[in-house]
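Structural description and commentary
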Amino acid sequence: MKKILIPLFSVAVMISCGTAQVSDGASSHPVSTKHNKAFTDAYNMIKADDLKKNLYVIASDEMEGRDTGSKGQKKAGEYIVNYYKSLGVSHPKALGSYYQKVPSDFMKKRGGGNLPDSENILAFIEGSEKPEEIVVVSAHYDHVGTKNGTVYNGADDDGSGTVAVMEMAKAFQQAKKAGKGPKRSVLFLHVTGEEHGLFGSEYYTDNPVFPLANTVVDLNIDMIGRDDPANRGKQYVYVIGSDMLSSELKVINEAANKRTNNLELNYKYDDLNDPEQLYYRSDHYNFAKNNVPVAFFFDGIHEDYHKPTDDPEKIDYKLLEKRTQLIFTTAWDIANRADRIVVDRKQ
């Protein structure tokens, strides 16, 4: 997550022993019952061991802290792309590859100094019934690089979000292979340049591969693998922005939570006037300022935030699994419900 505050532009699923069973009775969770087995099978593809395996690569010293446009970040990007290829998940046809170039000049004009060219990474599963409507699941895959010979691995920030997006793609692809792919299209968006100024997500929203008018939601994940001092040992996640633009998104997310791992949803930072200004500090904001509903999932500011000690062995992988399952369930509902969620509020 970006450390320095950015300028303001205006100021029933029950889980038991790791197996999901869909409860049919709740009207607030309108996914058709014909998708129950597909959902269950997909949901159960999300596993702590797989998250851990990918994170130990993404947050390894070999990636040199994944600074924007660096050799290490590009190596991490190659790993992510090869992962999607192994799943059989392709890129948007209009893009022609998994990469959307984010030019150095674009970042320089926004205070990015002399950052080299970098890339967003986009993987895509086309919807079966409403392919023109896009559900975005996003995370930044850059971090702060190497300083004085010390690698800042960024396992939580935002290695955790990166591997969560990858794991959700695997789950959606499982459903597609079973003939029950999402009705709406799902874009798995790994953005660059977040730590320097939310550059990758700004570039995407300025140059969208799919029209923002057709973008239903952005579920953004930035640090979901740890706990903060105020919530030590708790099963929780901070949720920010889910009712800022849509009266339905927060309801959908809370229903998904009750039907899965029933985490404590903490809304401490869900306030435009919160002193930490977290609503403005990660990539979802570039969607929100374009009137796309967003929800930002976050674990808080812990003692290893932006330090070289943010390493993969400190991640709580079971909690990372639960949070990923929650976000997947929310995305599944939004992708498969009859009507797209409303945009009926203004900031």
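Residues numbered from 1 in each chain as written. Predicted model: local features only at pLDDT ≥ 70, side-chain atom pairs only at ≥ 80, totals over all residues. Heavy atoms only, no water.

For the protein, the name recorded in an unreviewed UniProt entry is M28 family peptidase, with Chryseobacterium joostei as its organism.

Further remarks concern the environment of Asp 333. In this structure, Asp 333 sits in helix α10 (residues 317-336). With relative accessibility at 0%, the residue Asp 333 sits in the buried group. (Helix = DSSP H or I, 4+ residues; strand = E, 2+ residues; numbered from the N terminus. Buried < 20%, exposed > 50% of the residue type's maximum accessible area, 1.4 Å probe, protein only.)

In this section: the nonpolar core. Among the nonpolar cores identified, the biggest contains 64 residues, and Tyr 84, Phe 188, Phe 297 and Phe 328 are the most heavily contacted of them. Look past the residues within four positions of Phe 328 in its chain and what remains in contact with it is Phe 39, Ala 42, Tyr 43, Ile 46, Met 168, Ala 171 and Phe 172. One finds Met 1, Tyr 269, Tyr 280 and Val 294 within the second-largest nonpolar core, a separate group that totals 30 residues. (Core = buried A, V, L, I, M, F, W, Y, C linked by side-chain atoms within 4.5 Å. Contact = heavy atoms within 4.5 Å.)

At the junction of Asp 157 and Asp 158, the peptide bond is cis and its omega measures out at -5° in the coordinates. Here the phi dihedral of Glu 64 falls at roughly 55°; this positive angle occurs in a residue that is not glycine. With respect to the element layout, Glu 64 can be found in the loop between α2 (48-58) and α3 (71-87). On the basis of relative accessibility, which here comes to 36%, the residue Glu 64 falls in the partly exposed class. You will see that Asn 291, though not glycine, has its phi angle at about 70°, which is positive.

Structurally, Gly 193 can be placed in the loop between β8 (184-191) and α6 (194-197). Here Gly 193 falls in the buried class, since its relative accessible area comes to 0%. The spatial distance from the C-alpha of Gly 193 to the C-alpha of Asp 228 is 25 Å, given a sequence separation of 35 residues. Excluding residues within four positions of it along the chain, Gly 193 makes contact with Thr 68, Asp 142, Leu 198, Phe 199 and Gly 200.

The next point concerns the confidence of the model for the protein. In this model, the protein carries a mean pLDDT of 92, and residues with pLDDT of at least 70 account for 91%. By mean pLDDT, the top-scoring element of the protein is β8 (99), and the lowest-scoring one is strand β1 (residues 13-16) (30). Note that residues 4-34 has pLDDT below 50 and, in this model, 58 contacts with residues that lie over four places away or in other chains. (pLDDT = per-residue confidence, 0-100.)

Across the 5 residues of strand β12 (residues 294-298), 5 count as buried, placing the element largely inside the fold. Here β12 shows two buried faces, one formed by Val 294, Phe 296 and Phe 298 and the other by Ala 295 and Phe 297. Pairing of strand β9 (residues 215-221) with β12, which is carried by 4 bridges, proceeds in the parallel orientation. The residue bridging Asn 220 from the neighbouring strand is Phe 296, located in β12. Of the strand pairs in this sheet, strand β10 (residues 236-240) and β12 are connected by 3 bridges, and their pairing is antiparallel. Along β12, the bridge assignment pairs Ile 240 with Phe 296. (Pairing = 2+ DSSP bridges.)

Before going further, it helps to spend a moment on the packing of helix α8 (residues 249-258) against α10. The N-to-C vectors of α8 and α10 enclose an angle of 125°; their axes lie 9 Å apart at closest approach. By the criterion of interaxial angle, the relationship of α8 to α10 is oblique. Crossing handedness for the pair α8 and α10: right-handed. Seen from α8, the contacting residues are Leu 249, Ile 252, Asn 253, Ala 256 and Asn 257; seen from α10, they are Leu 326, Thr 329, Thr 330, Asp 333 and Ile 334. Along the lines of polarity and charge, the residues of the contact of α8 with α10 split into 5 nonpolar, 4 polar and 1 charged. (Axes fitted to C-alpha atoms, helices over the stretch in contact; angles between N-to-C directions. Parallel < 35°, antiparallel > 145°, perpendicular 65-115°, else oblique. Left-handed = near helix turned anticlockwise from the far one by under 90°. Nonpolar A, V, L, I, M, F, W, Y, C, P; charged D, E, K, R; others polar.)

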